[in-house]
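# An overview of the molecular structure
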Amino acid sequence: MLRPPALGVGAALSRAAVLAWLRETDGRRLEALWAAADDARRRFVGDAVHLRGLVEISNHCVRGCTYCGIRAGHKGVARYRVPAGVVVDCARAARSYGYGTLVLQSGEDYGLETDWVADVVRRVKTETGLAVTLSLGERSDEDLAAWRAAGADRYLLRFETSDERLYRRIHPDLKGRVSDRFAILRTLQDLGYEAGTGIMVGIPGQTYASIADDIDLFRGMDMDMIGIGPYLPHPATPLGEEHERRSAAGDWPADQAPNDELTTCKVLALTRLARPDANLPATTALSLVDKAAGRAHGLARGANVVMPNLTPPEYRAKYEIYPEKAAVHETAEAINASILELLSALGRTVGAGPGGRPQTGVSGDGAAGGRTTNGETGV
Ligand code: SAM
């Protein structure tokens, strides 16, 4: 078998090299990838791990994403919206744990009205001083501008996969509106947000080659944050059913990327090398696909962010985008304690302050516009 190519950071890592590393199966050779990613992480963003308290503020959603357990068509979900006062209480809890950021995430819920969200952002900022990250789906330019004006610092919107056909299949458009997450990411940058994107790894039909394209896009997009998590099949979704059918029949497309811990870690490590200065979380999905070591491996293979869940358990139980996401038996305190224990075991420190992207002067090959839209890029 050919040896995977030498490792470098940024532009030094070609698409061919990325593809060879994605396909590498030799555990000893992969040690070199983990070491290079960990070294780049240490040199560019340091040993501090930034903790961002996550509050899942609504599970209402207008979209029919075929992978997601809170999709509009899933009638078995009891829908909720967290009252503003409870969100602010969660922000106070985040502060008491020493977190620098509150992340507000939801389904694409137009019942979260523009002014309501703006007011919550203002209250969190004035009452706690935390940085605020929003992840509320494909909202209008006007909404995004209003929330930025209210003080929101960051916005997360994964493009999920750069395979245009696959994206259209798993993320159906709303009536009369073509989903163009690349255009929204550009708008976010223009509005002065720190912008974050990312992908799922191992979506049925997603090839190694298309993941190499994803990483190539990350290199050119100048994103502040990039979230990489395994696709976790939810049995009550169309894609979950397809995954089950294919697994039972062994019916996978040639070059299918697995949705396992190892492949996710390879993508994370290669993303660290492609964008050495970005903030990369060790995602909850990674910690679930390997409960014993997923989070530790993520932190040792390129990640520098963890997002402890602060959603009150009565709501968390209903935000099951994939199985076991809710972890309802764990209190925010217990989650916090286990993360602190892990960081201390890994010899890492807790990041102080908001933990924005460090100003290292590393630049990509262009802005988010480098490869235009979901429609035009073959993305
Ligand atoms: N509605 C917003 C959006 O679409 O960006 C934010 C919430 S959405 C649930 C957040 C992320 O969850 C998505 O970008 C997707 O990558 C991830 N996700 C949803 N279902 C998943 C699944 N079954 N396995 C892994 N990740 C999943």
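Look up: the structure comes first, before these words.
Notes on the structure in this doc start here.

## Observations concerning the packing of aromatic side chains
Per the counting criterion, the structure on display carries 5 aromatic pairs. On the basis of an interplanar angle of 45° and a centroid distance of 5.5 Å, the ring pair of Phe-159 and Phe-218 is categorised as tilted. Separated by 59 residues along the polypeptide, Phe-159 in the loop between strand S4 (154–156) and helix H6 (164–170) and Phe-218 in helix H8 (residues 208–221) bring together distant segments of the chain. This pair shows no difference in class: Phe-159 is buried, exactly as Phe-218 is. Grouping aromatic residues by their ring pairs yields a cluster made of Phe-159, Phe-182 and Phe-218. The ring of Trp-34 is capped by Arg-301, whose NZ or CZ atom sits 4.0 Å from the centre of that ring.

## Things to note about the nonpolar core
Core analysis: the largest hydrophobic core is formed by 100 residues, its most contacted members being Leu-102, Leu-104, Leu-134 and Trp-147. Those residues in contact with Leu-134, other than ones at most four positions away along the chain, are Leu-104, Val-117, Val-121, Trp-147, Ala-152, Arg-154, Tyr-155, Leu-156 and Tyr-193. Counting 6 residues, the second largest nonpolar core, distinct from the first, contains Leu-54, Val-103, Leu-156 and Val-305.

## A word on the packing of helix H2 (residues 27–45) against helix H10 (residues 261–274)
Running from N to C, H2 and H10 cross one another at 45°; their axes reach a closest spacing of 9 Å. By the angle between their directions, the pair H2 and H10 is classed as oblique. The element H2 and its partner H10 pack so that their crossing is left-handed. When H2 is examined against H10, the residues Leu-30, Leu-33, Trp-34, Ala-36, Ala-37, Ala-40, Arg-41 and Val-45 are found in contact with a partner set consisting of Leu-262, Cys-265, Lys-266, Ala-269, Leu-270, Arg-272 and Leu-273. Each residue belonging to the contact of H2 with H10 can be placed in one class, and the counts come to 12 nonpolar, no polar and 3 charged.

## A few points about the site of the ligand
Residues in contact with the ligand amount to 19 residues; listed here are only the nearest, Tyr-67, Ser-106, Arg-158, Glu-160 and Leu-232. The side chain of Arg-181 places a nitrogen or oxygen atom 3.1 Å from an oxygen atom of the ligand. The protein chains hide 93% of the 550 Å² of surface that the ligand would expose on its own. The cavity that encloses the ligand is the largest cavity. When its residues are assigned to classes, the shell around the ligand shows 10 nonpolar, 5 polar and 4 charged.

## Structural notes on empty space enclosed by the protein
Here the structure, examined in full by the defined rule, presents 1 cavity of 30 Å³ or more. Reported here for the largest cavity is a volume of approximately 950 Å³. When contributions to the lining of the largest cavity are tallied by element, the ones reaching two or more residues are strand S1 (48–58), strand S2 (101–106), strand S3 (131–135), strand S5 (194–201), strand S6 (225–230) and helix H11 (284–289). Per-element tally for the lining of the largest cavity: the top contributor is S6, with 5 residues. Counted by class, the lining of the largest cavity contains 24 nonpolar, 14 polar and 8 charged residues.

What counts and what doesn't
- Residues numbered from 1 in each chain as written.
- Predicted model: local features only at pLDDT ≥ 70, side-chain atom pairs only at ≥ 80, totals over all residues.
- Heavy atoms only, no water.
- Phe/Tyr/Trp six-rings, centres within 6.5 Å; stacked < 30°, edge-to-face > 60°.
- Helix = DSSP H or I, 4+ residues; strand = E, 2+ residues; numbered from the N terminus.
- Buried < 20%, exposed > 50% of the residue type's maximum accessible area, 1.4 Å probe, protein only.
- Lys NZ or Arg CZ within 6 Å of the ring centre and 35° of its normal.
- Core = buried A, V, L, I, M, F, W, Y, C linked by side-chain atoms within 4.5 Å.
- Contact = heavy atoms within 4.5 Å.
- Axes fitted to C-alpha atoms, helices over the stretch in contact; angles between N-to-C directions.
- Parallel < 35°, antiparallel > 145°, perpendicular 65-115°, else oblique.
- Left-handed = near helix turned anticlockwise from the far one by under 90°.
- Nonpolar A, V, L, I, M, F, W, Y, C, P; charged D, E, K, R; others polar.
- Near = heavy atom within 4 Å.
- Polar contact = N/O pair within 3.5 Å; in protein donor to acceptor, adjacent residues only side chain to side chain.
- Areas by Shrake-Rupley, 256 points an atom, 1.4 Å probe, with all protein chains shown as cover.
- 1 Å grid on protein atoms, 1.4 Å probe; cavity = no way out; pocket = protein on both sides within 12 Å on 5 of 7 lines; lining within 4 Å.
- Sits in = over half its atoms within 2 Å of the grid points.
- Points joined across faces, edges and corners; volume = space filled by probe spheres on them.

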